[in-house]
Amino acid sequence: MRPPLSGEHPPAGPGHRPPRPHRTRPEPAIDATRTEPAPAPPAQPPAPPAGRLRHTVVWAPAVLMGALGAWGLRRDGAMWRDEIVTYDMAHRAPAALWATLRHIDVVHGLYYALMHLWFTAYEAVLGPGGLLGPAFGGAVGRTLGEDVIALRLPSLAAMTAAAAGVALLGNLLVGPRTGRWAGIAFALLPPVQQYAQEGRSYALVCALVVWACYLLVRIAARTRRAPGRSCRALWGGYTALMLTACLLHEFAVLVVPVHGAALVLGRLPRRTLRTWALTVAGVLAGLAPLALASTRQSDQLSWLMWPDPLQLLTFAVLAATGIACSRARIRSRGPIGLRALGLPLLLLPTLLLFLLSTAEPTYVDRYVLFSMAGFALLAGAALARLLRPVGEDGQTGTRLRRRALAPVLVVVALLPVDVRLRMPVSRVDDATAVAHAVRALAGPGDGLLFTPARRRIWVAAHPDAYRDLHDLALRRDPVASRTLYGTERSGDAIRDRMLTTPTGRIVVVGDGPGQPDDSSDEEIAKRTTLREAFVLCRSRPVHGGRVALYARGEAGCTAPVRR
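Parameters and conventions
- Residues numbered from 1 in each chain as written.
- Predicted model: local features only at pLDDT ≥ 70, side-chain atom pairs only at ≥ 80, totals over all residues.
- Heavy atoms only, no water.
- Disulfide = S-S within 2.5 Å.
- Helix = DSSP H or I, 4+ residues; strand = E, 2+ residues; numbered from the N terminus.
- Buried < 20%, exposed > 50% of the residue type's maximum accessible area, 1.4 Å probe, protein only.
- Contact = heavy atoms within 4.5 Å.
- Salt bridge = Lys/Arg side-chain N within 4 Å of Asp/Glu carboxyl O.
- Phe/Tyr/Trp six-rings, centres within 6.5 Å; stacked < 30°, edge-to-face > 60°.
- Pairing = 2+ DSSP bridges.
- Axes fitted to C-alpha atoms, helices over the stretch in contact; angles between N-to-C directions.
- Polar contact = N/O pair within 3.5 Å; in protein donor to acceptor, adjacent residues only side chain to side chain.

K.L.:
Mind showing me how you'd approach the state of the cysteines here?
P.N.:
Structurally, a disulfide amounts to a covalent bond that connects the sulfur atoms of two cysteines. This model, assessed by the stated rule, comprises one disulfide. Between the sulfur atoms of Cys 537 and its disulfide mate Cys 557 the distance is 1.9 Å. On the sign convention where negative is left-handed, the bridge of Cys 537 and Cys 557, at about -70° about the S-S bond, is left-handed. Taken together, the residues span a long stretch of sequence, with Cys 537 in strand β6 (residues 535–542) and Cys 557 in helix α21 (residues 554–557) at a distance of 20 residues. The exposure class of Cys 557 is buried, given its relative accessible area of 11%.

Structure, rendered in structure tokens:
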């Protein structure tokens, strides 16, 4: 009998019980769809809420713009002729203001009305008889020389709002870093700082255009994200901002092609394009009455000429720099890209104004001040890319420090320009210096002439300096004549009054050397009589003008001055 092979059981014999089979516990079934939970990542700080993020984007540009605007806001108490017009018109009674606008300067009518309300409220609070006047010693004066802060505060506030709007716009288009740098770049631009310190409408127009751009980008983003969601409130705000900007200054309408280009480049739905076209039609309809009225006063622009080489060079540098900045690698968030808005906003308004100037000179750089926002957006995107954090897209600490030198050097290079903007010589003329020269040369009862007559606007800045003088050419003052400069007598009447002035002395206030002489009969009579019947005693040049004392003879030149 053979033995059992390995693995076999011996044959069963009588009474033999076979061994029990070995029982094993069955393996649990494996669910292929079930995965083990991954280990929890290390705790990350919570992301800041959207509201807090917006605040961090806005506060740095806004504070910087406010600080730069407040720096040297008084400009040594100096003011130039356009600011004096603002002050004079804003302090006329509403009926007198309306009567004047029917003859001249209707294009700035809304701004003068707003400034009238502003001065009324300001003087009611801080004036000598105002609510807080006794506490502040009557901080508001009665002449522009004492009210320069009040005159310029609205422009400073508007430009601060514009800087915040540029920052929010950059955040909406690309991200918070771009928004913050765009707002800072906007605040550092010399033209922005200049018009933040001027009592004119250009800062307000710039702020309104910037916020209109912001609302348009929000409308585009909401249309793409939620097509069925209503945008009526946003469209209403956009319409109000655009219409107000155009009524403050007609050339704000040049931003309309910019918005159209941005919408087309963003490939927005036709429904959105139709809504925008209807909105623009409403804005143009609201602007039409003002445009028609201003055409009757187009002789106000007769002083404009073709842009000078410096203006052309400035635009060329800004355009080239903006185009270079647009090459930075960025990823826009919404349908309207930063390039689609920034480049047209920088280029189109100025190019269109150049085109209009070929038919009739109309170009002044401040008319399209809002194009600075387009440059700031492009520069902000480039700075955000250049100064990205260490570790992002190969950025190293050494490279970051080296690249940070470029914007620092630009700021240092612009510092002399910024300092000069806070000096009286940065503007066309200085009515305060003119008033000081008049006080130094004139005596009580002396005659007074303005050559040309439009320089009579300097009186509104410091009327006390001219109070004891006799304006020999004036027939009706500016308020009574419903004009800016008053109306003058005939040439013969002016000559007779010059020859019979009681003191035999005349103080002549006019343009400086190199300015063309007016060819009216009145101006010819002034110049001829001075040349033939008077001698020049003393002359004092001032910024933007000249004050001279004439007398009938040498003896009159030595008469004592008692003022």
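K.L.:
Got a minute to help me understand helix α2 (residues 81–90) in this structure?
P.N.:
Working note: α-helix, 3.6 residues per turn, so residues spaced by three or four point in the same direction. Burial runs high along α2: nine of the ten residues are buried. The set of residues buried in α2 consists of Asp 82, Glu 83, Ile 84, Val 85, Thr 86, Tyr 87, Asp 88, Met 89 and Ala 90. Among the structural elements, α3 (94–101), α4 (109–126), α6 (148–173) and α17 (431–441) are those in contact with the buried residues of α2.

K.L.:
Explain the pattern of salt bridges here, please?
P.N.:
Once their charged atoms are close, side chains differing in charge can pair, the charge on each being opposite to the other. For the structure shown, the criterion picks out 15 salt bridges. The partner of Asp 446 in a salt bridge is Arg 505, with the nearest N and O atoms 3.3 Å apart. Of the two residues, Asp 446 sits in the loop between α17 and β1 (447–451) while Arg 505 sits in strand β5 (residues 505–510), which places them 59 residues apart along the sequence. Classification of Asp 446 by relative accessible area gives buried; the value is 2%.

K.L.:
What exactly am I supposed to notice about the packing of aromatic side chains here?
P.N.:
Note on aromatic pairs: each is described by the distance of the centres and the angle between the planes. Per the counting criterion, the structure on display carries eleven aromatic pairs. Plain terms: the ring middles of Trp 235 and Tyr 238 are 5.9 Å apart, the flat faces sit at 85° to each other, and that makes the pair edge-to-face. Residue Trp 235 and its partner Tyr 238 are located together in helix α10 (residues 232–248), separated by three residues, close to a single helical turn. Of the two residues examined, Trp 235 and Tyr 238, each falls in the buried class. Aromatic pair Phe 251 and Tyr 367: ring centres 5.4 Å apart, planes at 40°, arrangement tilted.

K.L.:
Would you take a moment to explain the sheet that holds strand β2 (residues 470–471) for this structure?
P.N.:
Pairing between the strands of a sheet comes from backbone hydrogen bonds, and it takes one of two forms, parallel or antiparallel. Strand order in the open sheet formed by five strands is β2-β1-β5-β7-β6, with mixed pairing between adjacent strands. The open sheet has two free edges, formed respectively by β2 and β6, since each of these has just one partner strand. As paired strands, β1 and β5 are joined by five bridges and run parallel to one another. Counterpart to Gly 447 in the pairing with β5 is Ile 506. Packed onto the sheet, α17 meets β5, β6 and β7 (545–551) and runs at close to 150° relative to β6. Each of β1, β5 and β7 is contacted by helix α20 (residues 521–533), which is oriented at about 125° to β1, the strand it contacts most.

K.L.:
Please clarify how the side chain of Thr 223 should be interpreted in this entry.
P.N.:
Among the structural elements, Thr 223 can be located in helix α9 (residues 202–225). Of the polar contacts made by the side chain of Thr 223, one reaches the backbone oxygen of Ile 219; its length is 2.7 Å. Leave out the neighbours within four places in its chain, and Thr 223 touches Cys 231, Leu 268, Pro 269 and Thr 272.

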